[in-house]
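Below, each chain spelled out in residue letters.
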Amino acid sequence: MSRSRAVSIALALALMLGLLAQGTLASDGSRLILKARTMVGIPDAFTGTKAPIRGINGGGLPWMLKHARVVLRSDGHLIVKVEGLVLAAGANAGSNPVNPFAAVVSCLKSDATVANVMTPTFPATTGPASAGGGNARFEGDVVLPSPCIAPIVFVTSGTGAWFASTGG
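Predicted model only: the values in this text are computed from it and were never measured.

Strand order in the open sheet formed by five strands is S2-S13-S12-S8-S9, and the pairing between neighbours is antiparallel. One side of each edge strand has no neighbouring strand; the edge strands of this open sheet are strand S2 (39-41) and strand S9 (114-118). When the angles between neighbouring strand axes are averaged without regard to direction, this sheet yields 25°.

This is the structure we're talking about:
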């Protein structure tokens, strides 16, 4: 077989695989729109009502975390996992006193307004991070606007004050 024929066959196979993958994505209606392996705990400047982000107030004290993972798909499927999300200041520094957590997905809509969508609450371990405090996981679906422009995912208290957000 000539080299040019082998290259042609390889290109044709690559094109077919690409079209097959595209067809699979189009048929399930879901694309990855956010994937993060980090989040940032709330710094002091954003606590309380000092500097809300997209209308979401911060928790009352700074927070920090050891590890996070966030996956958001265009169909609203959301996975949030945090480890060691604990207070960074105050009498309970290094510990998580809050159970349950929630998550908020914040999107800009096509008319430039903000849509904040909150998950149901989910369990979080309390206590010091050194003993497993501040660990939580959520997997479920939320109803997103279409399109969801510039998404931010927050981990919040059950009432919606944020402790950590995507964008490290």
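Next comes the rest of the account.
Note on soluble globular proteins: their nonpolar side chains tend to be buried together. Residues Val70, Leu78, Val82, Leu85, Phe101, Val105 and Val155 are the most contacted members of the largest nonpolar core, which totals 34 residues. Those elements that provide at least two residues to this core are strand S1 (32-36), strand S4 (67-73), strand S5 (77-83), strand S8 (101-108), strand S11 (136-141), strand S12 (149-157) and strand S13 (162-166). Tallying contributions element by element places S8 first for this core, with five residues. Sequence-distant contacts of Val70, defined by excluding residues within four places in its chain, comprise Leu34, Lys35, Ala36, Met39, Leu78, Ile79, Val80, Val153 and Thr166.

We now examine the state of the cysteines. Summed over all chains, the structure comprises one disulfide. Residue Cys107 pairs covalently with Cys148 via a disulfide, S to S 1.9 Å. Disulfide Cys107-Cys148: the torsion about the S-S bond is -80°, which places it as left-handed. In this pair, Cys107 sits in strand S8 while Cys148 sits in the loop between S11 and S12, placing the two residues 41 residues apart along the sequence. Taken as a pair, Cys107 and Cys148 share a single burial class, namely buried.

Thresholds, definitions, all that
Residues numbered from 1 in each chain as written. Predicted model: local features only at pLDDT ≥ 70, side-chain atom pairs only at ≥ 80, totals over all residues. Heavy atoms only, no water. Pairing = 2+ DSSP bridges. Helix = DSSP H or I, 4+ residues; strand = E, 2+ residues; numbered from the N terminus. Axes fitted to C-alpha atoms, helices over the stretch in contact; angles between N-to-C directions. Core = buried A, V, L, I, M, F, W, Y, C linked by side-chain atoms within 4.5 Å. Buried < 20%, exposed > 50% of the residue type's maximum accessible area, 1.4 Å probe, protein only. Contact = heavy atoms within 4.5 Å. Disulfide = S-S within 2.5 Å.

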